[in-house]
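# Descriptive analysis of the structure
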Amino acid sequence: MKWKLALIAALAVLPLVAAAQPNFAGKTVTVVVGYKPGGGYDATARLLARHLPDHLPGKPTVIVQNMPGGNSIIAANHMYNVAKPDGLTIGTFNRNLPIAQLTRVQGVKYDMTKFAWIGSAANEATILAIRNDLPYKNFDELRRAKEQVVIGSTGPGANTHDFPLLLKDLLGLKLKIVSGYSSSADIMLAIERKEVDGRAGSYTSLKPFIDRKLVRPIVRARSTEAGLEQLPIDESFAPTPRAKAIMALRSAPEVIARPYVLPPGTPADIVKVYRDAFAATIKDPATVADANKAQFDLDYTSGEEAVRILKEVLSQPKDIVDEFSKYIKFGE
Amino acid sequence: MLEALLEGLLLVLQWKPFAFMLAGIGIGFWVGLLPGIGGATTLALMLPFIYNMQPVEAFAFLLGMHSVVATTGDVTSILFGVPGEATTAAIILDGHAMAKKGEAGRALGAALASSLVGALIGAAALALAIPIVRPLVLTFGSPELFMLAIVGLAFIASLSAQGARGMVRGFLAGGLGLFLAMVGQDPQAGVARFTLDTLYLWQGLDLVPVLVGLFAIPEIIDLVVRGTSIAGNVPAGRISRGALEGVKDVFRHWWLTVRCALIGTFVGITPGLGGAVAQWMAYGHATQSARSPEERSRFGQGDVRGVLGPGAACNSKEGGALIPTIAFGVPGSTSMAILLGGFFLLGLVPGPDMLTKHLPVTFSLVWTIVLANIITVGACFLLLNRLTALTAVPGHLLVPVILVLVFIGSYTSNSSYADILVTLVFGAVGYFMVLAGWPRAPLVLGLVLGKIAENYLYISVARYEAAWLTRPVVLLLLAIAIGVILYPAFQAWRSRTRKAAHA
């Protein structure tokens, strides 16, 4: 009889213990990725899935599930409307989804600010790089260029397109943007054969080619990475406050370049556990070593900070949003 | 250079890389057999395993896996008419037709032997191209790539039935393919085209569900309606016998196999053209080898040359695709993009250094392709009797299994129910096309080339205005395209005059 009582007592106490500190022992946590395997979002998620278990209470199994489509709106809608707020599903998707919400893209069924934000695992510094053999060594020289400089792009909505577009239309750079390349790697090849003169993109993806002296960096967006501090920022050349606001709006999501969220309504204690676990995982030397090998930099931006940035992006006055929508379309 | 070649071989033959290669082959074997689960996805899934490997071990593992996927994908395509991979759909047309005639053994023998020849030629091309790879790849700018897509589309003439009626149907089906390629967000203005207000279609139609629907569903319906096994009433003992005959076919049509392998290599080298194109261009070329319209009309009903061409091209393109990846750090296909990630993980920076400082590693890649294919083809021949026996299994036992594989395969491309829907819709399209005698190959060619043609035309005009039309390679490719279109007419004329001479 005694052991039965003990068992009942144990069972009764168990939920209390669980409530005190979420414990994922024996559970499986799914990371929903809004893209197919192979890209940067997927690679980051798989790297974190390797190291996250060490920092979550109870060492759960962490698996990655790809949910591609609609430039990852599908994954965000799933996280917002379907996934249970029990801490067993976390999501990562296109950093530009707030832009989709801002410009009222059809099919958006989420409110970015209402997710339970874990934070961002990396930021992305967008830069413009042009061929080394061109006579323009810096931004001023490029601005004074007499001949058109041809920039290759993958298409509207990608940073290869939107960043140079604003440089051209708002700062008056003599750029000609040729879009339709199937990937940034294809633009790189077009640069090698001198079909185009340069491209915009993340510093991480351009770095090997800068090191190889094929291209040189000219100007960057606000978000930064080590090694880029000397490069001028596009916003600092803005002729009007409105132009500056549009540039700032475009680059704002780049600070939360690898967003990670829990479904809306996730209990605060679970959110806290995840925020702590992410911060610890990204600092973990084992994670850093793996990230260095894969040639990407991890950088934790807290959930609070992410929400602050998003609220700023999404509370822009209507005239700015209208002006912004003239230049920027949601994509990729 | 020779030293590096030998050193590369010795690198692969060390016991650890070799063991990893065998493990990779084992995985690739199954990935290829199962429809839908693509080589690229599997590569991405395997990437985390290489963190603690040496470069040679890691590449033996990844490339070993990757280079057998196409080979075993052909097996599924031939036996069941279900594309094992998106890149192995063309071999269905004649391969599965042979299986239905009870010649599964011969078809598999031919496919495997031509795959091996293709892989060897692709690897040899990779080794030979190393000194001249940079100028070779740099010759092909956007205008040239656009013209290559046009040459590819010109093969519709060879993929259609003979006569004016056949041509019109072929080009109409090709036009439908081009139209389907337009679905999704366009890369110039960012407008969503023909997406039916769904998010699913934003990124365009996925190739796998479309191909599986077009080719597998009609075969499954056919199998159910006939109520027999795939090989009909041919006794089981006879089916596997022709394997040696199939191998001999490769040597009987040696130059065709070589030419198709070269087509595959070339498509592989050219970044942006995409692997799915290679088999169709090779198949189109194989049909050109028919000497008379009667011979031509036998393609699609089980001509072994329709197996040899795609078989050779599918594997040779992998060697080719490695060339831009290694030399420029610019991947030629999705799989290569993932492999490129592998390079970085291992601390190697693809680029000119791979052709000088790391040359032995580069050659170890060549050897991995060669060895992996020899081993796989050997293993397949050992399993041949078991594999071909599947075509003698009664349809009512086989169909449920195939159906499950087909739908799981489609579903894996986006993990969305819409994938299943697309499969069913294109299954219906494919079924009625077969019923009405419309060719499906031009539709696929239009679909895989549409986006490439559109984008590179736009880039060419935006960048060079009209000046691109006078580039020498563009003119050469234009001449080839015209030649390809007129060739069937020339064939018909030649056989007519020959008949007239006899009479």
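Residues numbered from 1 in each chain as written. Chains lettered and ligands numbered in written order. Predicted model: local features only at pLDDT ≥ 70, side-chain atom pairs only at ≥ 80, totals over all residues.

Before going further, it helps to spend a moment on the overall build of chain A. Scanning chain A from N- to C-terminus turns up 13 helices and 11 strands. For chain A, the C-alpha radius of gyration of 22 Å lies close to 20 Å, the compact-globule estimate for 332 residues. Principal-axis analysis of the C-alpha atoms places the extent of chain A at approximately 95 × 45 × 30 Å. Here chain A, with 332 residues, has 51% of them falling under the buried criterion. (Helix = DSSP H or I, 4+ residues; strand = E, 2+ residues; numbered from the N terminus. Rg over C-alpha atoms; globule rule 2.2 N^0.38 Å. Buried ≥ 20, exposed ≤ 12 C-beta atoms within 10 Å, placed from the backbone.)

The next subject is the domain arrangement of chain A. Residues and elements named next belong to chain A. Entries for chain A in the domain assignment read domain 1 (23-122 + 257-316) and domain 2 (126-252). Contacts between the two partners involve 8 residues from domain 1 and, on the opposite side, 5 residues from domain 2. Grouping the constituent residues of the side of domain 1 that touches domain 2 by class yields 3 nonpolar, 3 polar and 2 charged. (Domains from an automatic or database assignment. Contact = placed C-beta atoms within 7 Å. Nonpolar A, V, L, I, M, F, W, Y, C, P; charged D, E, K, R; others polar.)

Take the confidence of the model for chain B next. Residues and elements named next belong to chain B. Confidence in the prediction of chain B, expressed as mean pLDDT, is 87, and 98% of residues score 70 or more. Confidence, expressed as mean pLDDT per element, reaches its minimum in chain B at helix H12 (residues 236-239) with 65 and its maximum at helix H21 (residues 417-436) with 95. With pTM at 0.87, the complex prediction returns an ipTM value of 0.82. (pLDDT = per-residue confidence, 0-100.)

A word on the nonpolar core. Ranked by size, the top nonpolar core spans 268 residues in total, and within it B:Leu62, B:Leu108, B:Ala149, B:Val444 and B:Leu445 carry the most contacts. Tallying contributions element by element places helix H6 (residues 104-129) of chain B first for this core, with 16 residues. Among the domains, domain 1 (23-122 + 257-316) and domain 2 (126-252) of chain A are the pair contributing at least three residues each to this core. Residues contacting B:Leu62, with those up to four places away along its chain left out, are B:Gly24, B:Leu43, B:Met46, B:Ile50, B:Leu339 and B:Gly342. (Core = buried A, V, L, I, M, F, W, Y, C linked by C-beta atoms within 7 Å.)

In a pair of packed helices, the angle between the axes and the distance between the axes together describe the arrangement. All names here are of chain B. Closest axis-to-axis distance for the H6/helix H14 (residues 254-269) pair is 9 Å, and the angle between their directions is 50°. Classified by the interaxial angle, the pair formed by H6 and H14 is oblique. The element H6 and its partner H14 pack so that their crossing is right-handed. Contact residues: H6 offers Ser114, Val117, Gly118, Ile121, Gly122 and Ala125, while H14 offers Thr257, Val258, Ala261, Leu262, Gly264, Thr265 and Gly268. Considering only residue class, the contact of H6 with H14 consists of 6 nonpolar, 7 polar and no charged. (Axes fitted to C-alpha atoms, helices over the stretch in contact; angles between N-to-C directions. Parallel < 35°, antiparallel > 145°, perpendicular 65-115°, else oblique. Left-handed = near helix turned anticlockwise from the far one by under 90°.)

Here we take up the interface of chain B and chain A. Of the residues lining the interface, 42 residues belong to chain B; the matching set on chain A comes to 41 residues. Where the side of chain B that touches chain A is concerned, the elements lending two or more residues are helix H3 (39-46), helix H18 (334-345) and helix H22 (441-464) of chain B. Sort the elements by how many residues they give to the side of chain B that touches chain A and H18(B) lands first, with 6 residues. Among the residues making up the side of chain B that touches chain A, the classes are represented as 23 nonpolar, 17 polar and 2 charged.

The next subject is the environment of A:Asp169. Secondary-structure assignment places A:Asp169 in helix H6 (residues 159-171). Placed 74 residues apart in sequence, A:Asp169 and A:Ala243 show a C-alpha to C-alpha distance of 9.5 Å.

Right, let's talk about the environment of B:Gln301 for a bit. By secondary structure assignment, the location of B:Gln301 is in the loop between helix H16 (293-297) and helix H17 (305-328). Separated by 35 residues in sequence, B:Gln301 and B:Phe266 place their C-alpha atoms 28 Å apart.

Residue and element names in this part refer to chain A. What the 6 strands build is an open sheet, ordered S2-S1-S3-S10-S4-S11; its pairing is mixed. Strands with a single pairing partner mark the edges of an open sheet, and in this sheet they are strand S2 (61-66) and strand S11 (301-302). When strand S3 (residues 89-92) meets strand S10 (residues 259-262), the two strands line up antiparallel, connected through 2 bridges. Residue glycine 91 lies in a different strand from S10, and its bridge partner there is valine 261. Along the sheet, helix H3 (residues 73-81) makes contact with strand S1 (28-33), S3 and S10, crossing S1 at roughly 140°. (Pairing = 2+ DSSP bridges.)

This part covers helix H8 (residues 203-211) of chain A. Residue and element names in this part refer to chain A. Every buried residue belonging to H8 is among Tyr203, Leu206 and Phe209, and all of these are buried. Down the axis of H8, the smallest arc covering the buried residues is 120°, so these residues share one side. Contact partners of the buried residues in H8: strand S5 (126-131), helix H7 (184-192), strand S8 (198-202) and strand S9 (215-220). In the segment just after H8, lysine 213 is the residue with positive phi, at about 65°. (Arc of directions from axis to C-beta.)

Residue and element names in this part refer to chain A. Orientation of helix H9 (residues 241-251) relative to helix H13 (residues 318-327), taken along the N-to-C sense of each, is 65°, at an axis distance of 10 Å. As judged from the angle between their axes, H9 and H13 are roughly perpendicular. The crossing of H9 and H13 is right-handed. In this structure, H9 uses Arg242, Ala245, Ile246 and Leu249 to contact H13, whose residues at the interface are Ile320, Glu323, Phe324 and Tyr327. Taken together, the residues of the contact of H9 with H13 break down into 6 nonpolar, no polar and 2 charged.

Okay, the environment of B:Phe344 next. Counting through the fold element by element, B:Phe344 comes out in helix H18. A count of 18 C-beta atoms within 10 Å places B:Phe344 in the partly exposed class. Every residue in contact with B:Phe344, bar those within four places of it in the chain, is listed here: A:Ala294 and A:Gln295.

As a further point, take helix H4 (residues 55-80) of chain B. Residues and elements named next belong to chain B. The terminal C-alpha atoms of H4, which comprises 26 residues, lie 38 Å apart, in line with the 38 Å expected from a rise of 1.5 Å per residue. At valine 69, H4 is bent by approximately 30°, the largest bend along its length. Burial within H4 is extensive, with 26 of its 26 residues counted as buried. A positive backbone phi angle near 70° is found at glycine 81, which sits one or two residues after H4. (Expected span 1.5 Å × (residues − 1). Bend = angle between axes of the 7 residues up to and from the residue.)

Residue and element names in this part refer to chain A. Most of strand S7 (residues 175-179) sits inside the fold, with 4 of its 5 residues counted as buried. When strand S6 (residues 149-153) meets S7, the two strands line up parallel, connected through 5 bridges. Its bridge partner being in S7, serine 153 is matched across the sheet by serine 179. Viewed along the sheet, the connection from S6 through H6 into S7 turns out right-handed. (Right-handed = clockwise from strand over helix to strand, strands pointing away.)

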